[in-house]
Amino acid sequence: MGLVQRVLEASGIATVTLSWIPDLTRAVGVPRLAGIGYPPGRPMGRPHDPDGQRAVLRATLELLATATGPDTYVELPFEWPESPAQAWKACQGVAPPIVGLLKKKPWLVANLYSGKIPHDTEP
Amino acid sequence: MAIDSYRFLDFASRQVMKAWAARAHEPGAIPFTPLAKPLRECTVALVSTAGVARNDDRPFDQEGERRNPWWGDPSFRVIPLGTTERDVRLYHMHIDPRFGESDLDVVLPMRRLAELAGEGLVGRPAPTHYSTMGYILEPKELVETTAPAIAGLMRAEGVDAAALVPA
């Protein structure tokens, strides 16, 4: 997403990313970044919690006006109400194809780490 | 930083994401466009990476990713303002889609944006918002085709600012 953000920003649109994995987003190099300690799949907050979602979006959008230069990073003060174990348990049936492939061919995990994506491997 | 980016990830995903962060640096200066006008006058668009597609639009290509797990669909979908969870599905296979499918604002907060426009924080929500699918290991098409296309559509609608929400 940081890559898309850079393109939009360079085209003249002011951008901000709200990231649950700010370490990775910031490493790409982005103009404005709001980090949040929420789990994957629920970046704005819990379903049917409009007040919580609105607070997150408000804090994210305010960064558009307050940032004065690139690589502006702010950590939002919101805390997820569940432990990682509880948040993980709430996710059911998530089975990315790459996980199935790496269970069959675990040595290919080196390619995932390095970014050297194989183009000749049948799953 | 105080936020632990990897807190909610399993061990294997954590190690992979850390490795990606260690080599993520893009060459060149980070672009920066100052807001052209006060935020309260800006037209704002949203981008989600949850793989949101309307039911009357083409789904993201899950079958292609099943055939080749190293590949992710690098295209995008337009999501008109007013679209709700009743009108969409989430096609990102690396997250649980049920949260966004029960409340679309969890990943693409168009209703919240409209409320904040009503409060005067921003000028107005753009007529159109966007979704990509976040699992893209080789981002060439995403960067060279998809992102410029989204930028063009945003500019055509007079978008001043965008908020991007990785899922």
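It should be emphasised that the depicted structure is a prediction, and the values quoted were computed from it without experimental measurement.

Caption draft 1: Focus on the pattern of salt bridges. Per the stated rule, a full pass over the model turns up 19 salt bridges over all chains. Among the ionic pairs, A:Asp49 bridges to A:Arg46, the shortest N-O distance being 3.5 Å. Put simply, B:Lys37 and B:Asp160 hold a salt bridge, and the shortest N to O gap is 3.5 Å. Placement of B:Lys37 in the loop between α1 (11-22) and β1 (43-48) and of B:Asp160 in the loop between α5 (140-156) and β7 (161-165) is noted, with a sequence separation of 123 residues between them. By relative accessible area, B:Lys37 is classed as partly exposed at 32%. We classify B:Asp160 as buried; its relative accessible area is 15%.

Caption draft 2: Quick look at the packing of aromatic side chains. Residue and element names in this part refer to chain A. In the structure shown here, the tally under the stated rule is two aromatic pairs over all chains. For the ring pair Tyr38 and Trp80, a centre distance of 4.9 Å and an interplane angle of 65 degrees mean the geometry is edge-to-face. A residue pair is termed long-range when its members are at least 10 positions apart, and Tyr38 in the loop between β2 (32-37) and α3 (50-66) and Trp80 in the loop between β3 (72-79) and α4 (84-89) qualify at 42 residues. The exposure classification of Tyr38 matches that of Trp80, with both residues buried.

Caption draft 3: Region of interest: the nonpolar core. Ranked by internal contacts, the top residues of the largest apolar core, which has 87 residues, are A:Leu8, A:Leu61, B:Trp70, B:Val107 and B:Met154. The leading source of residues in this core is α3(A), at six residues. Residue contacts for B:Trp70: discarding those within four places in its chain leaves A:Ile98, A:Leu101, A:Leu102, A:Leu108, A:Asn111, A:Leu112, A:Ile117, A:Pro118, B:Tyr135 and B:Leu137.

Caption draft 4: Representation of helix α5 (residues 97-104) of chain A. A:Pro97, A:Ile98, A:Leu101 and A:Leu102 are the residues of α5(A) that are buried. All buried residues of α5(A) project into a common sector of 130 degrees when viewed along the axis, lining one side. The exposed residues of α5(A) that point more than 90 degrees off its buried face are A:Lys103 and A:Lys104. Looking at the buried positions of α5(A), the neighbouring elements they touch are α6 (109-114) of chain A together with α2 (62-67) of chain B.

Cut-offs and rules
- All residue numbers refer to positions counted from 1 along the written sequence of the respective chain.
- Chains and ligands are labelled sequentially in the order written, the chains with letters from A and the ligands with numbers from 1.
- Local features in this predicted model are restricted to residues of pLDDT 70 or higher, and side-chain atom pairs are both shown and tallied only at a pLDDT of 80 or more, whereas totals for entire chains, interfaces and linings draw on every residue.
- Values reported for side chains reflect all heavy atoms of the structure, with hydrogen atoms and water molecules removed beforehand.
- What counts as a salt bridge is simple: a side-chain nitrogen of Lys or Arg found within 4 Å of a carboxyl oxygen of Asp or Glu.
- In this text, helices come from DSSP runs of H or I with a minimum length of four residues, and strands from runs of E with a minimum of two, each type numbered from the N-terminal end.
- Working definition: with a 1.4 Å probe on protein chains only, accessible area under 20% of the residue-type maximum means buried, over 50% means exposed, and in between means partly exposed.
- In summary, the pairing rule links any two rings of Phe, Tyr or Trp, Trp by its six-membered ring, whose centres are within 6.5 Å, and it sorts them by plane angle into stacked for under 30 degrees, edge-to-face for over 60 and tilted for everything else.
- What is meant by a nonpolar core is a set of buried Ala, Val, Leu, Ile, Met, Phe, Trp, Tyr and Cys residues, joined one to another through side-chain atoms within 4.5 Å.
- We call two residues contacting when some pair of their heavy atoms lies within 4.5 Å.
- The arc under discussion is defined with respect to the helix axis, by the directions toward the C-beta atoms.

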